[in-house]
Amino acid sequence: MVERKFKTVYDVICPFCGTLCDDLEVDVNIGSQEVIEIRNACQIGTAKFYSSNPSKHRYEKPLVRKDGELVEVSWDEAIDKTADILVNATRPLLYGFSSTECEAQGKGVELAEILGSILDNTASVCHGPTLLAEQDVGVPSSTLGEYKNRADLVIFWGSNPVHAHPRHLGRYSEFVRGYFKKDGRNDRFVVVIDPRNTHTAQIADLYIQVNPNEDYELINGIRALLRGVEPDEEEIAGVPLEDIKKLVEIIKGCNYGVIFFGMGLTQSLAHHRNIDTAICLTRELNDHTKFLITPMRGHYNVSGANTVFTWNTGYAYSIDFSRGYPRYNPGEFSSVDLLMRDEIDASLIVASDPASNFPAESVKNMFKYPLIAIEPHETPTSAFADVVLPPAIAGIECEGTAYRMDHVPLRLRKVKDAPGECLTDLEILERIIEKVKEKIGE
Ligand code: SF4
C-alpha cells in the first residue's frame, strides 16, 4: 500500500478578511506540516495560508532585544521580560486583536483590566465610525446568506471588494445564485458609489462618481428626493441631479436592496455622520421597499474584537482601564490619538502591524518606549520590538471563534501544527496574565 504523504482538510474557514469564506480545502504535508495546496481561496487568502510555512520571515522562537539585537530566548525569559515591561509602565497600550480568535481577545480584556491599561482594536482606524453611528441610531441589517438569497439591488459605497474581499462577490453579493435569485448576476442590479473608478465600479451596472469627502451631501440629497423635496442645485457632490433622481427610482423599484459600505465612507470627512445618515437613509427606504445595510469589515475577526470587548466592558474599542473600570471615548482613548500626544509608555501589539498604517508621528512615539509584539511574521512593528512572542496562526494552526462581517460566529479550524516553539495567542496571553499577577502580588 502506498503511504499517504499529505492530508486534506475540508470546510476550512479563511482567516483573512471579514467574509470568512468557509469552503476552503487545504492540503498539508503530514511530515513537514507545510501547506502544499489551497483550493477555493482567493489570492490574498491563499497567500495567508502559504505564509504560515516556515520561512525567513516567520518567527518560531521568542526573541528579546539585547545590546540592540533580537536574540532567541526561552519562553520563560520572554514572558518575564514582557510582564516586567507592562507592570513598570504607567500608561501601557494593548492594541490589535482583530486577526486573532475571540478566546484570545477575551484574555486581552482580562490583561488590560489587571494592568489598568488602554485597550484598543483596529476598529479605531477603520470602522470605529460605524460603531459610533450604530450606537446613535441603531442599524437595520441582516446576514450575508439573506442577501445572497434575496437581494436584487446591491450598492457598494466606498468599498472595493474586488480587491479587499474578492470572494464576497461570488459567494454573497453579485455573481452568486440565491434561493430566490436563481439567475445569479442577471437577477441583480449592482451600483457602485465611489470617488474612484475602481475595479468593482467597472463591473457594476451603474457607477456614480461622488466628489471626495462629499458622501454626506449625496446621501442627504437622496434622502431629500425620497421625501419629495426638489433641491435647488443642479448637482450634488459632483453628481448631476438627474442621475441622483434615476438612482432614487432604481432604489424605490427594487424588491430587496442592500448597501455594503467600506472605509471610503467611514474614513472620509464627516466620518460617523456619514454612517449615521446612511443608516437613516436605509431606514427611510423601508417606507418604499425592503432595504438593509452592512459594513464591509476588513480584518477577519475585527467584528469579534468589537463583540468580545463589548460583552466584557460595555464598549467596542478605545477603552481606558486606568481608573479601575472601563471608560470609553474614541478620540481621547484611541491608540493613534494617545500615541500622537505621547501618552503611552509601553505597547503590547497583538496580531497587528500599526507601524505600517498609523501616522508616522504616532509610530515614532510608539518606538520611543518598550514594545512587545505577539506576531507570527516579521513586520515593520515587530522589527522594532523589544520582545517578540511568536504565536500559532489562529484559523490555520489553532482553533477558535471568529465573527463574520455580519456578526455570524464561526468556528475556525486547525489544519496543521505551528512551526518551532510557537504557542497560541490564548496561551501566550494566559502566561503573561499569570506572570503579571505574580509580579503585582495578586
Ligand atoms: S474573500 Fe476573504 S475570506 Fe474569502 S478567501 Fe478571500 S481573503 Fe479569504
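Criteria and cut-off values
Along each chain, residue indices are assigned from 1 in the same order as the chain's sequence is written. Residue-level local features of this predicted model are given only where pLDDT is at least 70; pairs of side-chain atoms are given and counted only at 80 or more, and the full residue set underlies all totals for whole chains, interfaces and linings. As a rule here, side-chain values cover all heavy atoms of the structure and leave hydrogens and water aside. Only DSSP runs of H or I with at least four residues qualify as helices, and only runs of E with at least two residues qualify as strands; both kinds are numbered from the N terminus onward. The globule rule used for comparison is 2.2 Å times the number of residues to the exponent 0.38, while the radius of gyration itself is calculated over C-alpha atoms. The buried label applies to any residue whose accessible area, calculated with a 1.4 Å probe on protein chains only, is under 20% of its type's maximum; exposed applies above 50%, and partly exposed to all values in between. Contacts were defined at the residue level, with two residues in contact if any of their heavy atoms lie within 4.5 Å. For the accessible areas, the method is Shrake-Rupley and the probe is 1.4 Å, while residue cover comes only from the protein chains on display. Pairing between two strands is assigned when DSSP locates at least 2 bridges connecting them. The source of the domain bounds is an automatic or database domain assignment. Accessible area, probed at 1.4 Å, shrinks when two parts are joined; the buried area is that loss added up over both. Here a salt bridge means any side-chain nitrogen of Lys or Arg lying within 4 Å of a carboxyl oxygen belonging to Asp or Glu. We define a polar contact as two N or O atoms separated by no more than 3.5 Å, with the added condition that, inside protein, one atom must be a possible hydrogen donor and the other a possible acceptor, whereas residues neighbouring each other in sequence contribute only through side-chain atom pairs. Under this grouping Gly is polar, as are all residues other than the nonpolar Ala, Val, Leu, Ile, Met, Phe, Trp, Tyr, Cys and Pro and the charged Asp, Glu, Lys and Arg. For this purpose, a residue is taken to be near a molecule or strand whenever a single non-hydrogen atom of the residue falls within 4 Å of it. Here the axes come from fitting lines to C-alpha atoms, over the contacting stretch only for helices, and the angles between their N-to-C directions go from 0 to 180 degrees. Reported orientations rely on four angle classes, namely roughly parallel under 35 degrees, roughly antiparallel over 145, roughly perpendicular from 65 to 115, and oblique for the rest. Handedness of a crossing is defined here by the sense of rotation of the near helix relative to the far one, left-handed for an anticlockwise turn of less than a right angle and right-handed for a clockwise turn. What the arc covers is the set of directions going from the helix axis to the C-beta atoms.

Caption draft 1: Looking closely at the overall build of the protein. The secondary structure content of the protein amounts to 17 helices and 21 strands. Its C-alpha atoms give the protein a radius of gyration of 23 Å, within 12% of the compact-globule value 22 Å for 442 residues. Seen through its principal axes, the protein has C-alpha atoms that stretch 70 × 65 × 35 Å. Taken over 442 residues, the protein has a buried fraction of 56%. Residue pairs in contact within the protein that sit at least 24 positions apart in sequence constitute 67% of those at least 6 positions apart. On the protein, roughly 18,200 Å² of surface is accessible, and the fraction owed to carbon and sulfur atoms is 49%.

Caption draft 2: Fine view of the pairing of strand E13 (residues 256–261). Across the six residues that make up E13, a large majority, six, are buried. A two-sided burial pattern is seen for E13, the buried positions comprising Tyr256, Val258 and Phe260 on one face and Gly257, Ile259 and Phe261 on the other. Of the strand pairs in this sheet, strand E8 (residues 153–157) and E13 are connected by five bridges, and their pairing is parallel. Bridged to Phe156 within E13 is Phe260.

Caption draft 3: Here's a closer look at the domain arrangement of the protein. Here the domain parsing of the protein yields domain 1 (6–50), domain 2 (63–124 + 300–440) and domain 3 (128–295). Centre-to-centre, using C-alpha coordinates, domain 1 lies 32 Å away from domain 3. Contact residues are listed per partner, giving 11 residues for domain 1 and eight residues for domain 3. Considering only the side of domain 1, the residues that lose the most area to domain 3 are Thr19, Cys21 and Cys42, jointly responsible for 53% of the buried surface there. Between the two partners, domain 1 and domain 3, sit three salt bridges. Between Arg171 and Asp22 there is a salt bridge, with its nearest N and O atoms 2.6 Å apart. Where domain 1 packs against domain 3, one counts four residue pairs in polar contact (both at pLDDT 80 or more). Partitioning the side of domain 1 that touches domain 3 into residue classes produces six nonpolar, three polar and two charged.

Caption draft 4: Broad picture of the pattern of salt bridges. Following the criterion strictly, the structure yields 38 salt bridges and no others. Salt-bridge contacts for Arg39 lead to Asp27; the nearest nitrogen and oxygen are separated by 3.0 Å. Highlighted residues: Arg39 in strand E3 (residues 35–39) and Asp27 in strand E2 (residues 24–29), separated in sequence by 12 residues. By relative accessible area, which is 26% here, Arg39 ends up partly exposed. The exposure class assigned to Asp27 is buried, which follows from its relative accessible area of 7%. For Arg327, the salt bridge is made with Asp320, and the minimal N-O distance between the two is 2.8 Å. Residue Asp320 is classed as buried on the basis of its relative accessible area of 0%. The network of salt bridges with shared partners includes Asp80, Asp84, Lys435, Glu438 and Lys439.

Caption draft 5: Main features of the site of the ligand. In the vicinity of the ligand, the contacting residues are Cys14, Phe16, Cys17, Leu20, Cys21, Ala41, Cys42, Ile44, Gly45, His165, Pro166 and Arg167. When residues are assigned to domains, the shell around the ligand turns out to be shared by domain 1 (6–50) and domain 3 (128–295), each giving three or more.

Caption draft 6: Layout of the packing of helix H9 (residues 215–226) against helix H12 (residues 271–285). The N-to-C vectors of H9 and H12 enclose an angle of 20°; their axes lie 9 Å apart at closest approach. If you check the angle between H9 and H12, you find them roughly parallel. As for the relative orientation of H9 and H12, their crossing is left-handed in sense. Of the residues in H12, those in contact with Asp215, Tyr216, Ile219, Asn220, Ile222, Arg223 and Leu226 of H9 are Arg273, Asn274, Thr277, Ala278, Cys280, Leu281, Glu284 and Leu285. Across the contact of H9 with H12, the residue classes tally to eight nonpolar, three polar and four charged.

Caption draft 7: Here's a closer look at helix H1 (residues 43–50). Every buried residue of H1 is accounted for by Gly45, Thr46, Lys48 and Phe49. Considered in projection along H1, the buried side chains sweep an arc of 160° and stay on one side of the axis. For H1, the elements touching its buried residues are strand E1 (6–12), E2 and E3.

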